[in-house]
Amino acid sequence: MIRHLATILGPQHRGALRSYLAWLVGYAVLEGLAMAFLVPVLGAVLSGDTGAAWRWLGALAVAVLATCVARYQQAMQGFRLALVTLGTLHRRLGDHVASLPLGWFSSEKVGRLSRSATGGTFMVTNVFAHLLTPVVSGVVTPATVAVAMLVLDWRLGLVMVLAAPLLYLTHRWSAHWIGRSEQQRDAADALAGNRVVEFARNQQTLRAFGRGAEGYAPLEEAIDGRGRAAGRMLTETMPRLLASGLAVQLSFAALVAVGVALVLGSAIEPVTLVALLALAARFVGPLTEVAGLSGMVRMAGNDLRRLAEIFDEEPLAEPAAAAEVTRPGEIEFDAVRFGYDPANPVLRDVSLRVPPRTMTAVVGASGSGKTTITRLIMRFFDVDSGVVRVGGADVRELGTAGLAEQVSLVMQDVYLFDDTLEANIRIGRPAATDEELREAARLAGVHEIVERLPQGWATPVGEGGASLSGGERQRVSVARAVLKGAPIVLLDEATAALDPENERYVQDALRSLMRTSTLVVIAHKLPTVVAADQILVLDDGRIAERGTHEELLAADGRYAEFWNRRTRSRGWRLVSAEQDR
Ligand SMILES: Nc1ncnc2c1ncn2[C@@H]1O[C@H](COP(=O)(O)OP(=O)(O)OP(=O)(O)O)[C@@H](O)[C@H]1O
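Residues numbered from 1 in each chain as written. Predicted model: local features only at pLDDT ≥ 70, side-chain atom pairs only at ≥ 80, totals over all residues. Heavy atoms only, no water.

An unreviewed UniProt entry lists the protein chain under the name ABC transporter ATP-binding protein, with Saccharopolyspora gregorii given as the organism.

Novice: Got a minute to help me understand the side chain of Q74 in this structure?
Specialist: Considering the arrangement of structural elements, one finds Q74 in helix 3 (residues 50–98). Sequence-distant contacts of Q74, that is, excluding residues within four places in its chain, are made with Y20, W23, L24, Y27 and T133. (Helix = DSSP H or I, 4+ residues; strand = E, 2+ residues; numbered from the N terminus. Contact = heavy atoms within 4.5 Å.)

Novice: Help me out: how do you make sense of the pattern of salt bridges in this one?
Specialist: Where charged atoms from two side chains of opposite charge approach closely, those side chains can pair. This model, assessed by the stated rule, comprises 26 salt bridges. One salt bridge connects D540 with R348, and the closest N-O pair in it is separated by 3.9 Å. Taken as a pair, D540 in the loop between strand 9 (534–539) and strand 10 (542–547) and R348 in strand 2 (residues 347–354) lie far apart in primary sequence, 192 residues in all. The network of salt bridges with common partners includes E182, R185, D186, D189, R226, D303 and R306. (Salt bridge = Lys/Arg side-chain N within 4 Å of Asp/Glu carboxyl O.)

Novice: Could you clarify how one ought to interpret the packing of aromatic side chains in this entry?
Specialist: Describing an aromatic ring pair means giving the distance of the ring centres and the angle of the ring planes. Inspection of every chain in the model, using the stated rule, returns five aromatic pairs. Centre to centre, the rings of F338 and F381 are 5.6 Å apart; their planes meet at 50°, and the pair counts as tilted. Remark: F381 occurs in the loop between helix 9 (370–377) and strand 4 (385–390) and F338 occurs in strand 1 (residues 331–338); sequence separation between them is 43 residues. Of the two residues examined, F338 and F381, each falls in the buried class. Taken together, the aromatic side chains of F338, Y340 and F381 make up a single cluster linked through ring pairs. Taking the ring centre of Y27 as reference, the NZ or CZ of R71 above it sits at 5.4 Å. Looking at R240, its charged tip hangs above the ring of W177, at a distance of 4.3 Å from the centre. (Phe/Tyr/Trp six-rings, centres within 6.5 Å; stacked < 30°, edge-to-face > 60°. Buried < 20%, exposed > 50% of the residue type's maximum accessible area, 1.4 Å probe, protein only. Lys NZ or Arg CZ within 6 Å of the ring centre and 35° of its normal.)

Novice: Would you mind going over the pairing of strand 3 (residues 359–364) with me for this structure?
Specialist: Here is the key point about a regular strand: its side chains alternate between the two faces of the sheet. The element strand 3 is largely enclosed, with a buried count of six among its six residues. Direction of pairing for strand 3 relative to strand 9: parallel, over a ladder of five bridges. Note that in strand 9 the partner of A361 across the bridge is I535. (Pairing = 2+ DSSP bridges.)

Novice: For this particular structure, what's the right way to read the packing of helix 2 (residues 14–46) against helix 8 (residues 270–312)?
Specialist: The axes of two packed helices give the description: the angle between them and the distance between them. For the pair helix 2 and helix 8, the least separation of the axes is 9 Å and the interaxial angle reads 160°. As summarised for this structure, helix 2 and helix 8 are arranged roughly antiparallel, according to the angle between their axes. Crossing of helix 2 over helix 8 shows right-handed handedness. Residue-level inspection shows M35, A36, V39, L42, G43 and L46 of helix 2 in contact with helix 8, the latter providing V271, A275, L276, A278, L279 and R282. Of the residues belonging to the contact of helix 2 with helix 8, the class tally is 10 nonpolar, one polar and one charged. (Axes fitted to C-alpha atoms, helices over the stretch in contact; angles between N-to-C directions. Parallel < 35°, antiparallel > 145°, perpendicular 65-115°, else oblique. Left-handed = near helix turned anticlockwise from the far one by under 90°. Nonpolar A, V, L, I, M, F, W, Y, C, P; charged D, E, K, R; others polar.)

Novice: Hey, could you run me through the sheet that holds strand 10 in this one?
Specialist: Two orientations exist for strands paired in a sheet by backbone hydrogen bonds: parallel and antiparallel. Strand order in the open sheet made by the six strands is 6-7-8-3-9-10, with mixed pairing throughout. In this open sheet, the two strands that pair with only one neighbour each are strand 6 (407–410) and strand 10. The average angle at which neighbouring strand axes cross in this sheet is 20°, direction not considered. In this fold helix 16 (residues 500–516) packs onto strand 3, strand 7 (488–492) and strand 8 (518–522), with an angle of close to 145° to the strand it touches most, strand 8.

Novice: Please clarify how a nonpolar patch on the surface should be interpreted in this entry.
Specialist: On the surface, L150, W154, L158, V161 and L162 cluster together into a nonpolar patch covering about 490 Å² of accessible area. With four residues, the top contributor of residues to the nonpolar patch is helix 5 (residues 154–201). With respect to the element layout, V161 can be found in helix 5. You can call V161 partly exposed: its relative accessible area is 40%. (Patch = residues over 30% accessible without salt bridge, like charges linked within 9 Å, V, L, I, M, F, W, Y side chains within 5 Å. Areas by Shrake-Rupley, 256 points an atom, 1.4 Å probe, with all protein chains shown as cover.)

Novice: How do you make sense of the nonpolar core when you look at a structure like this?
Specialist: As a rule of thumb, soluble globular proteins bury nonpolar side chains together. Formed by 43 residues in total, the largest nonpolar core has its most connected members in I425, V446, I535 and Y559. Per element, the largest residue contribution to this core is six residues, and it comes from helix 15 (residues 470–484). The contacts of V446, once residues within four sequence positions are left out, are L421, I425, A441, R475, V476 and A479. L113, A117, L132 and F311 belong to the second largest nonpolar core, which has 35 residues in total. (Core = buried A, V, L, I, M, F, W, Y, C linked by side-chain atoms within 4.5 Å.)

Novice: Even after reading the chapter, I still don't get the site of the ligand, so can you show me in this structure?
Specialist: Neighbouring residues of the ligand: 13 residues in total, closest S366, G367, K370, T371 and T372. The contact in question runs from an oxygen atom of the ligand to an N or O atom on the side chain of K370, over 2.8 Å. Separating an oxygen atom of the ligand from a side-chain N or O atom of T371 is a distance of 2.5 Å. Its free accessible area being 630 Å², the ligand has 59% of it covered by the protein chains. (Near = heavy atom within 4 Å. Polar contact = N/O pair within 3.5 Å; in protein donor to acceptor, adjacent residues only side chain to side chain.)

And the structure:
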């Protein structure tokens, strides 16, 4: 748990964490010592030795004072660490997640992230505020008491030392089970959470297929599973918590039994036994508290581990010094091999060059790797072998910021932020003037949307741009790219397969972008393909053909075959060789 806390707090707070833990352990030891001083005090009082009683009382007062100082220090330092967590953890988590490779963001991981960002953060503050003090003092104080008991009466001390393994093993055993069932409950929770989101997101599809009213079986199963896991956790946890508590009580009973036997055998005075049993009670008290907290400790441990695992994920490697862009606007793939799962390459030995300020159309069957090429240019993933160069530099050496300056992206699944239309375009270049913003909007045909909307530029677009049509969303995304003015623009025409009006705007914007930028277009429109300076025909992760429209027709290969077939059909998308057979 401490290791996870160190990871979560980050290197700059490790010193503060160490100091807090030192005060916490010091407090627990001093508390044990203060309790141990009670024995000679009681012994002296009960035997009527007033002088000795005052002396020991003085020692006890010093120990209590030191305990108070240590308690104050550890409480204040714990409080400060809890505040640091509240103030900085979300930001650190956000910064870290933003540096992770896109491959990390599976739906399961995203669900876990959102739960860790809320529950996990709360747990870290809870650990400092309520958990660490009773847990650490619940172990260290009894250990100090046991050492003191060995000094005061070795036989009773020996019983405490012998009880330690029993207490430790029962605690481990119950904590193991509680942790296991908590993990199962957490997995069931995560699944149910993901299913609820899926259910809400897919309402349109579910209703279209008449599945809205009769329920959604995967969600119901997940909710049932969650209920079962929660029930199992209760039934598995309770008996084990009771067993831990029982082990503590048994240890105390053994101490009493040995003490009584010693008195009966005249080995110690009854008065001494009373004082020693008072100390033994303080051995048992904190242990009982820890036994009661063992479930909480395991749950906190699991929460912290999950949060620490996110911080342990390796960020996308950044270069020590960003490489210089020597050929702005140029893209090059040199023998690139890449697979989302390296065992199944999606691109094999792909080499290509896109000269500055030219347009390259990438065409190919669905799943042939067109989008993957654009993702590698943006370095959403690192290649398995080969090199991707942008502006003459390896994308791995350009650094995230350097690469982002070079490339704009207009993709199929355009995501707009839940903000105004203007803010969504301004993301392209926050420092742009209003004139530049209006000009970019005009080129992409957004001005026409603005005129139609009641609040104009200030119209909120809803989460993901829900209040705009697909074509309108793409126009906003094109305006962003135009405003950014990056030397390279990557564009997926797919959603522009919309009405002719949208198509016209996108084509106009393309023409305007071509004057200033290099364009790589996942092309679905004939005018784009015909106008391209270079067409890359992808087949099964390889570039099967390349050239201009005329060159490829003259070559009479796969592209020409498709072109000829297209004249007979309305669709023009290439099909893979297998689909073709
Ligand atoms: N994030 C991902 N994780 C795993 N596999 C993926 C991922 N994205 C794409 N793939 C797989 O990689 C292959 C190439 O996908 P890609 O999206 O590049 O094809 P595409 O040519 O753009 O297809 P389309 O025209 O249908 O968009 C496909 O088999 C796809 O299933």
